Amino acid sequence: MYKMPGAGIGVAGGGVGSLAATGADVGWWIAVGLLLLVLGTAAVIASYRRTRRLARIKG
């Protein structure tokens, strides 16, 4: 079984290797969250514009 470097040293998860791996994972999730936030905002704006345009056409 694979063991992360530094996983068995000191307090559980307190090694430098495991901290670096955890930091990379957190950064990845923050990046994905920001991307989803931007895409969601773009979808809401597009939907709002489409609704306004259709309402204007129906008169």
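Let me sum up the structure you'll find in this document.

Parameters at a glance
- Within each chain, residue numbers correspond to sequence positions counted from 1 in written order.
- Only residues with pLDDT of at least 70 get local features here, since the model is predicted, and only at 80 or more are side-chain atom pairs given and counted; chain-wide, interface and lining totals rely on the full set of residues.
- The side-chain values count all of the structure's non-hydrogen atoms but skip hydrogen atoms and water molecules.
- Working definition: helices are DSSP H or I runs of at least four residues, strands are E runs of at least two. Numbering for both runs from the N terminus.
- Only protein chains enter the calculation, and the probe is 1.4 Å; a residue is then buried if its accessible area is under 20% of its type maximum, exposed if over 50%, and partly exposed in between.
- Each accessible area value is a Shrake-Rupley result obtained with a 1.4 Å probe; residue values ignore everything except the protein chains displayed when judging cover.
- Patches here are clusters of residues that have more than 30% relative accessible area and form no salt bridge, with a 9 Å joining cutoff for like charges and a 5 Å cutoff for nonpolar side chains (Val, Leu, Ile, Met, Phe, Trp, Tyr).
- Whenever a carboxyl oxygen of Asp or Glu lies within 4 Å of a side-chain nitrogen of Lys or Arg, that contact is scored as a salt bridge.
- Working convention for charge: Lys and Arg count positive, Asp and Glu count negative, and His plus the chain ends are omitted.
- Just so you know, the charge point we use is NZ for Lys, CZ for Arg, CG for Asp and CD for Glu.

**Focus on the overall build of the protein chain**
And step 1. When you go through the protein chain residue by residue, the secondary structure sums to one helix and zero strands.
And step 2. Of all 59 residues assigned to the protein chain, the portion counted as buried reaches 3%.
And step 3. As presented, the protein chain carries roughly 5300 Å² of accessible surface, and 72% of it is formed by carbon and sulfur atoms.

**Considerations on a positive patch on the surface**
And step 1. A surface patch of like charges, here positive, comprises R49, R50, R52, R53 and R56.
And step 2. Relative to the elements of secondary structure, R53 occurs in helix α1 (residues 16–58).

**Some points on a nonpolar patch on the surface**
And step 1. On the surface, V26, I30, L34 and L37 cluster together into a nonpolar patch covering about 390 Å² of accessible area.
And step 2. Its location among the elements puts V26 in helix α1.
And step 3. Under the relative-accessibility criterion, V26 is labelled partly exposed at 44%.

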